[in-house]
Amino acid sequence: MKQKDYRIALLNTWIEKSSQRRKVINWGVYVALSLAAILALIPLISVFSFVTFRGFSALDWDFFISLPKPVGEIGGGIANALVGTAILVGFGTLIGLPWGFGIGIYLSEYGASKRASAIRFTVDLLASIPSIVIGLFVYAAVVVPMKRFSAYAGGIALGILMVPTVARSTEEILKLVPIHIREAGLALGLPRWKVILRIIFRGSLGALITGVMLSVARVSGETAPLLFTALSNRFWSHRLDQPIASLPVQIYNYAISPYDDWHRQAWGAALVLIFFVLFLNLTTRWAMKKGTK
Amino acid sequence: MEISSFFSTRDLNAWFGKTLAVRAVNMSFAENTVSAIIGPSGCGKSTFLRCLNRLHEEVPGARVNGTVLLENKNIYSKDVDPVELRRQIGMVFQKPNPFPAFSVFDNVAVGLKLAGIRKSTILKDAVERSLRMAALWDEVKDKLNDAGTSLSGGQQQRLCIARALAVEPRVLLMDEPTSALDPISTAKIEELVSELKKAVTIIIVTHNMQQAARISDQTAFFLLGDLIEYGATSQLFTAPKDNRTERYITGRFG
C-alpha cells in the first residue's frame, strides 16, 4: 500500500516536471518565432518609413501635374512619367495577358503530357531570367531594327516579363477547380474549350484577376528592362513609336544626377511608386474578398 | 431476357492504362425504366457507367472497346461526335457539383445557352420545366439569382439533376447520386427517380442495396469488372441465380 502511494507521488512529480518543461519550451519557441516575424518586418517597415520621410516633402499637387523642368530650374513634376508608366504597363499587359493565359490554360488542362512539362520548365526558366537580359533581348530584337527607342519596345519587354507569372498563376488557379466540375460541363454536351472558357474561367475569375494584378504591380516597378527599350523622355509623349517616360527610369535618372532638387524628386517619385503598388495590392485583395462572397 | 433494344452494350471493355476495369459486358436497358448497378467498391460499375456517355475516354490513359448501341446506332463509331452524344445522355455525379459563381438559373440554363440558345423566353421556360421535373422549383423560384452553391447539399444535387434535364437527354446516368446526402434528401431523390423515368431512361450506380431494391426495375451486380448477374430487381434480390450475388446481397462479402 505504502509503496503504491510512493509510486503515485513519483509519477505526479514526473508529470509536473515534464509539463513544466513543455511549457518552458512552448514559451521559448513562441518568443523565438515572434522575434523572427518582427525581424522579417523590419526591412519592409524601414524602407517604407524612410521613403516616406525623404519623399513626402516633394509631394504637392504641382508634382503630379507638371512636366520636368529644364536642368538648373527648381521644381517640375512627374506627370509624363505617370502617364508613361500607365501606357507601358497597359501595353505590356495587352501582350503578356493573353499569352500567359494561353500557356496557363494549356498547362492546367493538358498538363500531363511530356510536351506540357517541357513547356512548364521553359516558363520557369523564363521567370528566372534577370529582367535586364529581357531588356537587352528586346533592344536587339525591336529597338535595333526599328532604329529607335520606343514605347512599343518597353511594352514588349514588360509583356514578356509578365508571361511566366501570369501563366503559372493561371495554371495553379485553374488546377484548383475540381475535375468533377469539368466533367459536369462535358456531360452536358459542351465542347472542352467552352467548358474551360465559359464555366471554369467564370468560377475562378476573382483569383485569376488577382494573379494578373499582382504581376502588373510587379512589372510596374521594373527599371532594367526599360532602360534600353522605352528609354525615357522629358516631354509629353503618347506615341508608341517614340521614347516614353516611366516612373522607375525617371527615379533612376534623377537619383544618379548631381542635383539636390532632382534627388528630392526621385524620393517623391519612389514614394508615389510604392503607393501605386500598395494600392494595386489592396484593391486586388478587396476585389478578391468581394468576389469570393 | 426480353428487353427491347433501346440502349445496349455489346462486349464492352474499358481500360485504365493496362488495367482492364470492365470486362466484356453485355447489357440492355429498356426505355423508361430504371436500372440499378450494384457491387463492391472497385468493381468497375462507375467506369461502366462512364463508358455509356463516352466520359471514360476523357481520363488520360483510359480506353474503351466494344459497342454501345443507342437506338441501333453505335455511339463509338467514328462518325459520332462525343460532344453531340453527351447531349442525349446526361449525367449526375456522386458529389453535388453546381458550377461555381453561376446562379441557380444559370446553372440550369447553361447547357442550352452555350449550345447557342439565346431567346430568354425559351430559356426561362426550360429552366422552370427542368426545376419542376427535379422537384426543386417551389424551393428556389424566389432565389433564381442566388448562387447555386448557396443551396443545401440535397438541393444542390437536385439542381444538378435539373441542369442535366434541361438539355432534354434520352438517358440519364446517375453515379451514386445520394452517397453524399442525408436520409431525407436521399428519399427525395429516390422519389424523384421513380417520377423521372416517365421522361427519361435512368441507369443508376449505387452502393446502397436497399436503394436499388426500392427504385429500380432491373438490377445488375458487378464484381471485379465482370457483370455477374442482371435481371428484374425483385428476382435478383429474392432469388439470385448466382452464388456470388447471393453472398453479396446477404452481406457475406464485399
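Each helix and strand in chain B was counted, giving 10 helices and 10 strands. Relative to its length of 254 residues, chain B is compact, with a C-alpha radius of gyration of 18 Å against a globular reference of 18 Å. Over its C-alpha atoms, taken along the principal directions, chain B stretches across nearly 55 × 45 × 35 Å. The proportion of buried residues among the 254 residues of chain B is 56%. Where the 31 positive side-chain charges of chain B centre and where its 28 negative ones centre are 4 Å apart.

What follows deals with the domain arrangement of chain A. All names here are of chain A. The domain boundaries assigned to chain A delineate domain 1 (2-55) and domain 2 (61-292). Placing a centre on the C-alpha atoms of domain 1 and another on those of domain 2 gives a separation of 42 Å. Domain 1 puts seven residues into the contact, and the matching count from domain 2 is seven residues. Interface area, domain 1 with domain 2, both sides summed: about 660 Å², of which 85% is carbon and sulfur. Its largest share of buried area at the contact with domain 2, domain 1 owes to Phe 48, Val 51 and Arg 54, together 66% of the area lost on that side. Along the contact surface separating domain 1 from domain 2 lie zero salt bridges.

The subject of this paragraph is the pattern of salt bridges. Residue and element names in this part refer to chain A. Counting across every chain of the model gives 29 salt bridges over all chains. Close ionic contact of Asp 241 with Arg 239 constitutes a salt bridge, the shortest N to O distance being 3.1 Å. Among the charged side chains, a network of salt bridges with common partners joins Arg 120, Asp 124, Arg 168, Glu 171, Glu 172 and Lys 175.

Phi at Lys 147 of chain A takes a positive value of approximately 60°, unusual for a residue other than glycine. When you line up the elements, Lys 147 of chain A lands in the loop between helix H5 (131-146) and helix H6 (151-175).

This model, assessed by the stated rule, comprises 15 aromatic pairs over all chains. Ring geometry for Tyr 259 of chain A against Trp 262 of chain A: centres 5.1 Å apart, planes inclined by 80°, an arrangement best described as edge-to-face. Classification of Tyr 259 of chain A as partly exposed rests on a relative accessible area of 35%. You can call Trp 262 of chain A buried: its relative accessible area is 10%. Here the aromatic rings of Phe 7 of chain B and Phe 29 of chain B are separated by 5.9 Å at their centres, their planes lie at 40°, and the arrangement is tilted. Of this pair, Phe 7 of chain B sits in strand S1 (residues 7-16) while Phe 29 of chain B sits in strand S2 (residues 19-29), and the two are 22 residues apart along the sequence. Aromatic ring contacts, followed pair by pair, group Tyr 139, Phe 149 and Phe 228 of chain A into a single cluster. The side chain of Arg 63 of chain B reaches across the aromatic face of Trp 15 of chain B, ending 4.3 Å from its centre.

Another aspect to go through is the sheet that holds strand S8 (residues 201-205) of chain B. Residues and elements named next belong to chain B. Read from one edge to the other, the open sheet built from six strands follows the order S6-S7-S8-S3-S9-S10, with strand pairing classed as mixed. This sheet does not close on itself; its edge strands, each paired only once, are strand S6 (89-92) and strand S10 (226-232). Shown here is a sheet whose adjacent strand axes are inclined to one another by a mean of 15°, direction ignored. Here S6 pairs with strand S7 (residues 171-175) via four bridges, running parallel. Its bridge partner being in S7, Ile 89 is matched across the sheet by Val 171.

Across the boundary between the two partners, chain B contributes 26 residues, which contact 17 residues of chain A. Summed over both sides, the interface of chain B with chain A buries roughly 2,000 Å², with 65% coming from carbon and sulfur. Taken as a group, Phe 99, Phe 102 and Leu 114 of chain B account for 31% of the area that chain B buries against chain A, more than any other trio of residues on that side. Taken together, the links from chain B to chain A amount to three salt bridges. In this structure, Glu 183 of chain A and Arg 50 of chain B form a salt bridge, with 2.5 Å as the shortest nitrogen-oxygen distance. Here chain B and chain A share six residue pairs in polar contact (both at pLDDT 80 or more) between them. Looking at the side of chain B that touches chain A, the elements that each hand over two or more residues are helix H2 (82-88), S6, helix H3 (104-113) and helix H6 (153-166) of chain B.

So, on to a nonpolar patch on the surface. Residue and element names in this part refer to chain A. Nonpolar side chains collect at one region of the surface, where Leu 35, Ile 38, Leu 39 and Ile 42 lie side by side and expose about 400 Å² of accessible area between them. You can see Ile 42 is positioned in helix H1 (residues 2-55). Residue class for Ile 42 comes out partly exposed when judged on its relative accessible area of 45%.

Conventions we followed
- Residues numbered from 1 in each chain as written.
- Chains lettered and ligands numbered in written order.
- Predicted model: local features only at pLDDT ≥ 70, side-chain atom pairs only at ≥ 80, totals over all residues.
- Heavy atoms only, no water.
- Helix = DSSP H or I, 4+ residues; strand = E, 2+ residues; numbered from the N terminus.
- Rg over C-alpha atoms; globule rule 2.2 N^0.38 Å.
- Buried < 20%, exposed > 50% of the residue type's maximum accessible area, 1.4 Å probe, protein only.
- Lys, Arg positive; Asp, Glu negative; His and termini not counted.
- Charge placed at Lys NZ, Arg CZ, Asp CG, Glu CD.
- Domains from an automatic or database assignment.
- Contact = heavy atoms within 4.5 Å.
- Buried area = accessible area lost by both parts, 1.4 Å probe.
- Salt bridge = Lys/Arg side-chain N within 4 Å of Asp/Glu carboxyl O.
- Phe/Tyr/Trp six-rings, centres within 6.5 Å; stacked < 30°, edge-to-face > 60°.
- Lys NZ or Arg CZ within 6 Å of the ring centre and 35° of its normal.
- Pairing = 2+ DSSP bridges.
- Axes fitted to C-alpha atoms, helices over the stretch in contact; angles between N-to-C directions.
- Polar contact = N/O pair within 3.5 Å; in protein donor to acceptor, adjacent residues only side chain to side chain.
- Patch = residues over 30% accessible without salt bridge, like charges linked within 9 Å, V, L, I, M, F, W, Y side chains within 5 Å.
- Areas by Shrake-Rupley, 256 points an atom, 1.4 Å probe, with all protein chains shown as cover.

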